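Here is how the chains run, residue by residue.
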Amino acid sequence: MIEFKLAGEFIPLIQLLKATDLVSSGGEAQAVVMDGLVQYNGVTDYRKRLKVRKGDTVKFNHKTIKII
């Protein structure tokens, strides 16, 4: 599990995937979200601009990110 310490109120999902090095670019992040490969709080989510906040979990590529 990856614990990501949130500095502000939220982080966009695409930026989170890049910040945790699960993807190499913003374009790749958009593609995996649009392809339905990302789960947000246990549900597949297709929103590229989703605001991820403290307490949320994101799953991608067999990795879980917990926002703290």
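Predicted model, so just to flag it, every value in this text is computed and none were measured.

**A word on the pattern of salt bridges**
Two side chains that carry opposite charge are able to pair once their charged atoms sit near each other.
For step 1, the next point in the chain: For the coordinates displayed, the defined rule picks out 2 salt bridges.
For step 2, the next point in the chain: Among the ionic pairs, R47 bridges to D45, the shortest N-O distance being 2.8 Å.

**Thoughts on the nonpolar core**
For step 1, the next point in the chain: Counting 20 residues, the largest nonpolar core has L13, L16, L17, V38, V52, V58 and I65 as its most contacted members.
For step 2, the next point in the chain: With 4 residues, helix 1 (residues 13-19) is the largest single contributor of residues to this core.
For step 3, the next point in the chain: The contacts of L16, once residues within four sequence positions are left out, are F4, I11, V52, V58, I65 and I67.

**Notes on the side chain of D45**
For step 1, the next point in the chain: As for its position among the elements, D45 is in the loop between strand 4 (43-44) and strand 5 (51-52).
For step 2, the next point in the chain: By relative accessible area, D45 is classed as buried at 9%.
For step 3, the next point in the chain: A distance of 2.8 Å separates a polar atom in the side chain of D45 from a polar atom in the side chain of R47.
For step 4, the next point in the chain: Beyond its immediate sequence surroundings of up to four residues, D45 is in contact with V33, V38, Y40 and L50.

**Focus on the environment of K59**
For step 1, the next point in the chain: In this structure, K59 sits in strand 6 (residues 57-60).
For step 2, the next point in the chain: Through-space distance from the C-alpha of K59 to that of N41 is 8.1 Å; in sequence the pair is 18 residues apart.
For step 3, the next point in the chain: When residues no more than four places from it in sequence are discounted, the contact partners of K59 are L37, V38, Q39 and T64.

**Points about helix 2 (residues 26-34)**
For step 1, the next point in the chain: Among the residues making up helix 2, those that are buried are A29, V32 and V33. Around the axis of helix 2, the buried residues are gathered within 100° of arc, so they sit on the same side.
For step 2, the next point in the chain: Buried residues along helix 2 sit against helix 1, strand 3 (38-40) and strand 6.
For step 3, the next point in the chain: Looking one or two places after helix 2, you find G36, whose phi comes out positive at around 75°.

**Re the sheet that holds strand 4**
For step 1, the next point in the chain: The strand order across the open sheet built from 5 strands is 1-7-6-3-4, with neighbouring strands paired in mixed fashion. With one partner strand each, in any of the chains shown, strand 1 (2-4) and strand 4 form the two edges of the open sheet.
For step 2, the next point in the chain: With 2 bridges joining them, strand 3 and strand 4 adopt antiparallel strand pairing. Counterpart to Q39 in the pairing with strand 4 is T44.

Reading the values: the criteria
- Residues numbered from 1 in each chain as written.
- Predicted model: local features only at pLDDT ≥ 70, side-chain atom pairs only at ≥ 80, totals over all residues.
- Heavy atoms only, no water.
- Salt bridge = Lys/Arg side-chain N within 4 Å of Asp/Glu carboxyl O.
- Core = buried A, V, L, I, M, F, W, Y, C linked by side-chain atoms within 4.5 Å.
- Buried < 20%, exposed > 50% of the residue type's maximum accessible area, 1.4 Å probe, protein only.
- Helix = DSSP H or I, 4+ residues; strand = E, 2+ residues; numbered from the N terminus.
- Contact = heavy atoms within 4.5 Å.
- Polar contact = N/O pair within 3.5 Å; in protein donor to acceptor, adjacent residues only side chain to side chain.
- Arc of directions from axis to C-beta.
- Pairing = 2+ DSSP bridges.

It is worth stressing that arrangement in space is one thing and function is another; only the former is reported here.
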